[in-house]
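Residue-level structure breakdown
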Amino acid sequence: MKNKRYILSCMIILLTVVFYFTVEAQQKNVIHRTKFSGEWKTKEPISIGGNIFCSYLEGDRMNSKTMKIAEDADFLTIENPNSDTGATSTLSWEKLIINGKESQINHGQGNRKKFTLKLSADGETMTIQSIVYFMNGTPYNPNVQEQAYTNVTEVWKLSNDGKSITIQSIAKSNIWEGERSWKTVFDKTN
């Protein structure tokens, strides 16, 4: 009788341990989030590296040499100073929903920007897809405006030490031929 009780106790302990490890192994994979939060600075703005016009406002983050990123569970906010002296605000910002729906900024007169943000499965990189629409003078008649656009894909990679962000950008537009690619590096300032 003692032998049966001892074997039964061992079996219960063994099954409990097996069950515990099985449940642990099947836990949902939690995405490891990198920390892009902080204040960042570069020598030249993202748009300059590609020698392209991929923003329609001087205060757009693509034209800024500095940015402040704040992370939330579901979105990122990117703020940058607006260097346009005629601007009503000294700060511009974009709210990018992580793996979410498309966001849009509209400044009228045919100038708008649509963008999405995707975080990689490993959480180490993020990809921002933007399409910027703006009014552009037609060739040989700058007084006649037509809708122009630029598609930009930016792949942001945070360095292992968290002190820099490398942004690899690729752009296409209906105002030039081919595809342009360039790299911009932002260094953490705080």
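Within any chain, residue numbers begin from 1 and follow the written order of that chain's sequence. Reporting in this predicted model follows two pLDDT cut-offs: at least 70 for local features of residues, and 80 or more for side-chain atom pairs to be given and counted; totals over whole chains, interfaces and linings ignore these cut-offs and use all residues. Excluding hydrogens and water, the side-chain values take into account all heavy atoms of the structure.

1. Section: the overall build of the protein chain
Along its length, the protein chain carries two helices and 10 strands. Labels follow the DSSP assignment, with helices taken as runs of H or I lasting at least four residues and strands as runs of E lasting at least two, numbered in each case from the N terminus. Ordered by position in the sequence, the α and β elements of the protein chain form the string α-β-α-β-β-β-β-β-β-β-β-β. Burial classes: relative accessible area under 20% of the type maximum marks a residue as buried, over 50% as exposed, and values in between as partly exposed (1.4 Å probe, protein chains only). Sorting the 190 residues of the protein chain into buried and exposed places 33% on the buried side. What makes two residues a contact is simply this: any of their non-hydrogen atoms within 4.5 Å. For the protein chain, long-range pairs separated by at least 24 residues make up 43% of all intrachain contacts whose partners lie at least 6 apart in sequence.

2. Examining the nonpolar core
If you look at the biggest cluster of nonpolar residues, it comprises 24 residues, and the most contacted ones within it are Met 67, Ile 69, Trp 156 and Ile 165. Contributions of two or more residues to this core are made by strand 2 (66-71), strand 3 (75-81), strand 6 (112-119), strand 7 (125-138), strand 8 (141-158), strand 9 (164-173) and strand 10 (179-188). When near neighbours in sequence (up to four residues on either side) are disregarded, Ile 69 contacts Phe 36, Ser 37, Gly 38, Trp 40, Leu 76, Thr 77, Ile 78, Trp 156 and Ile 165. Throughout, nonpolar core names a set of buried Ala, Val, Leu, Ile, Met, Phe, Trp, Tyr and Cys residues whose side chains join them through atoms within 4.5 Å.

3. With respect to the side chain of Ser 164
Here Ser 164 lies in strand 9. What Ser 164 contacts, discounting residues up to four positions off in sequence, is Trp 40, Lys 157, Leu 158, Ser 159, Val 185, Phe 186 and Asp 187.

4. Re the side chain of Thr 150
Turning to its location among the elements, Thr 150 is positioned in strand 8. Judged by its relative accessible area of 0%, Thr 150 is buried. Here a polar contact means two N or O atoms within 3.5 Å. Within protein one must be a hydrogen donor candidate and the other an acceptor candidate, and residues neighboring in sequence count only if both atoms are side-chain atoms. Here the side chain of Thr 150 touches Ser 173 through a polar contact of 3.4 Å, side chain to side chain.

5. Considering the pairing of strand 8
A regular strand places its side chains so that they alternate between the two faces of the sheet. Here, strands pair whenever DSSP counts at least two bridges between them. By the bridge criterion, 14 bridges tie strand 7 to strand 8 in an arrangement that is antiparallel. Bridge assignment links Ser 130 to a residue of strand 8, and that residue is Val 152. If you look at the hairpin formed by strand 7 and strand 8, you'll find two residues sitting between the two strands, and Tyr 140 has a positive phi there, around 70°. Examined bridge by bridge, strand 8 and strand 9 share nine bridges and lie antiparallel to one another.

6. Quick word on the packing of aromatic side chains
Aromatic ring pairs: the centre-centre distance and the angle between the two ring planes describe each pair. What counts as a ring pair is set by centres within 6.5 Å for rings of Phe, Tyr and Trp (its six-membered ring), and what kind of pair is set by the plane angle: stacked under 30 degrees, edge-to-face over 60, tilted for all other angles. A full pass over the atoms with the stated rule returns one aromatic pair. With 6.5 Å between their ring centres and 75° between their planes, Phe 36 and Trp 156 make a pair best called edge-to-face. In this pair, Phe 36 is assigned in the loop between helix 1 (2-25) and strand 1 (38-41) and Trp 156 in strand 8, connecting sequence segments 120 residues apart. Side by side, Phe 36 and Trp 156 carry an identical accessibility label, which is buried. Here, a charge over a ring is recorded when the distance from Lys NZ or Arg CZ to the ring centre is within 6 Å and its angle to the ring normal is within 35 degrees. Over the aromatic face of Phe 75 sits the side chain of Lys 95, whose NZ or CZ is 4.2 Å from the ring centroid. Here the basic side chain of Arg 112 rests over the ring of Tyr 133, its NZ or CZ set 4.0 Å away from the ring centre.

7. Overview of a nonpolar patch on the surface
Residues Tyr 6, Ile 7, Met 11, Leu 14 and Val 18 make up a contiguous nonpolar surface patch of roughly 520 Å² in combined accessible area. Turning to its location among the elements, Val 18 is positioned in helix 1. Every patch collects residues that have over 30% relative accessible area and no salt bridge, joining them within 9 Å if they carry like charges and within 5 Å if they are nonpolar side chains (Val, Leu, Ile, Met, Phe, Trp, Tyr). Only the protein chains shown count as cover for residues, and the accessible areas themselves come from Shrake-Rupley with a 1.4 Å probe. Take a side-chain nitrogen of Lys or Arg and a carboxyl oxygen of Asp or Glu: if they are within 4 Å of each other, that pair is a salt bridge.

8. Considerations on the pairing of strand 7
Note that strand 6 and strand 7 share eight bridges and pair antiparallel. Its bridge partner lying in strand 7, Lys 114 is registered against Ile 131.

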